[in-house]
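# Coordinate inspection notes
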Amino acid sequence: MLAIVPSAVVLGVQGHPVRVEVHVGNGVPSFSIVGQADAACREGRDRVVAVLSGLGVWKPRKTTVNLAPSALRKAGPGLDLAIAMGWMAAAGVLPGPVGEALEGGRIGFVAELGLDGGVRAVPGLLAAVAAVDAEVVVVGAAGAPEAALVPDRRILAVHSVRQLLEVLAGLEPWPDPPPRGGPPVRPQPDLADVRGQIAARRALEVAAAGGHHVLMVGPPGAGKTMLAERLPGLLPALAPEEAFEVTRIHSAAAIGPPLEALIERPPFRAPH
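Attention in this report is confined to the structure presented alongside it. (Residues numbered from 1 in each chain as written. Predicted model: local features only at pLDDT ≥ 70, side-chain atom pairs only at ≥ 80, totals over all residues. Heavy atoms only, no water.)

### As for the packing of aromatic side chains
Tallied over the entire structure, the rule returns two aromatic pairs. Connected via pairs of aromatic rings, a cluster forms that spans Phe31, Trp58 and Trp87. (Phe/Tyr/Trp six-rings, centres within 6.5 Å; stacked < 30°, edge-to-face > 60°.)

In structure tokens form, the structure reads like this:
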């Protein structure tokens, strides 16, 4: 039998939709993944088998997993849950209500699996969830607040595959949606803290007002870093599109603590 499950991968900071096509049939038992999967993605085969064995549903069969479109390189472990659900659907081991819920591709999956059946969040979750071609997206509970930042998606956050099956079968209620919005933003350094440096302060104000570049030159201890750290405080808040893009970059790079809200202020970076 064949099952098709929506998912997505992240390349750079861009999310790309992926159709996980799982075929389970007769023949010499095997488990192959095709469609330009990288090492982390191919290793998901062993994680999936371990989880399915723990659930008591694994039977060695001839299994072929195609990650479409085949021309797109697939990276990361975010397809694990989609492959596991696709195998169970194709092998016919899912309860009736669960199989019906998966039909039509209305539910997508973006998560890594642990050998104990746990469902984990993956880096770049914001871009991946936005790219999934489904109304409902299942993610690990730890990444639920970040996934909830994507508009027009209903997020189902679960801790384990067993919990997911019970929810889809109607044995447990759907978990409450993750809260939107994170902790209050800490105040940024203020240019009013700087004493003196009249010319430099005026240059920053002109640059912030007109969107110009600034080159600060001077000996160590002159105050260049102190002034640069206060430049974002002069800039206006990011537009919604800009905020989503900046947050997506932080998500893909796994910078800082787990994201719980869009980054609405221009970020400051000191490459040195």
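Now that the structure has been shown, we can carry on.
### A few points about the sheet that holds strand β1 (residues 2-11)
Strand order in the open sheet formed by four strands is β1-β2-β4-β3, and the pairing between neighbours is mixed. In this open sheet, the two strands that pair with only one neighbour each are β1 and β3 (30-34). Looking at each pair of strands side by side, their axes are set apart by 20° on average, direction ignored. Looking at chain direction, β1 and strand β2 (residues 14-25) are connected through 10 bridges and run antiparallel. If you follow Leu11 over to β2, its bridge partner there is Gln14. (Pairing = 2+ DSSP bridges. Helix = DSSP H or I, 4+ residues; strand = E, 2+ residues; numbered from the N terminus. Axes fitted to C-alpha atoms, helices over the stretch in contact; angles between N-to-C directions.)

### Observations regarding the pairing of β2
Successive side chains on a regular strand alternate, one facing one side of the sheet and the next facing the other. Turn length for the β1-β2 hairpin, with the two strands adjacent in sequence and antiparallel, is two residues, and the turn residue Gly12 shows positive phi of about 70°. Pairing of β2 with strand β4 (residues 62-68), which is carried by seven bridges, proceeds in the antiparallel orientation. Bridging from a neighbouring strand, Val24 pairs with Thr63 of β4.

### Points about the packing of helix α2 (residues 44-55) against helix α7 (residues 161-168)
Remark: α2 packs on α7, axes separated minimally by 11 Å, with the N-to-C direction vectors making an angle of 60°. Overall, the two elements α2 and α7 adopt an arrangement that is oblique. Counted together, Val51, Gly54 and Leu55 of α2 and Val161, Arg162 and Leu165 of α7 form the full contact between these two elements. Of the residues assigned to the contact of α2 with α7, the class counts are four nonpolar, one polar and one charged. (Parallel < 35°, antiparallel > 145°, perpendicular 65-115°, else oblique. Contact = heavy atoms within 4.5 Å. Nonpolar A, V, L, I, M, F, W, Y, C, P; charged D, E, K, R; others polar.)

### What about the pattern of salt bridges?
With the rule as written, the count across this model stands at five salt bridges. With its nearest N and O atoms 3.8 Å apart, the salt bridge here joins Arg230 to Asp193. Residue Arg230 is located in helix α9 (residues 224-230), and its partner Asp193 is located in the loop between α7 and α8 (198-210); the two are separated by 37 residues in the primary sequence. What emerges from the salt-bridge pattern is a single network uniting Asp193, Glu229 and Arg230. (Salt bridge = Lys/Arg side-chain N within 4 Å of Asp/Glu carboxyl O.)

### Observations concerning the sheet that holds strand β5 (residues 107-109)
Spatial ordering of the open sheet is given by β5-β8-β9, a layout of three strands whose pairing is parallel. Of all the strands in the sheet, the pair left with one neighbour each is β5 and β9 (154-158). Shown here is a sheet whose adjacent strand axes are inclined to one another by a mean of 30°, direction ignored. One ladder, built from three bridges, connects β5 with strand β8 (residues 136-140); its direction is parallel. The residue bridging Ile107 from the neighbouring strand is Val136, located in β8. Those strands touched by α7 are β5, β8 and β9, and its axis lies near 130° from that of β9.

### Some thoughts on the nonpolar core
Within the largest apolar cluster, 47 residues are counted, with the highest numbers of intra-cluster contacts made by Leu81, Met88 and Phe109. Here the element with the most residues in this core is helix α3 (residues 80-91); it accounts for nine residues. Apart from the residues lying within four places of it in its own chain, the contact partners of Leu81 are Phe109, Ala111, Leu113, Val119, Val138, Val161 and Leu164. In terms of nonpolar packing, the next biggest core, distinct from the first, is built from 18 residues, Ala8, Leu126, Val129 and Ala147 among them. (Core = buried A, V, L, I, M, F, W, Y, C linked by side-chain atoms within 4.5 Å. Buried < 20%, exposed > 50% of the residue type's maximum accessible area, 1.4 Å probe, protein only.)

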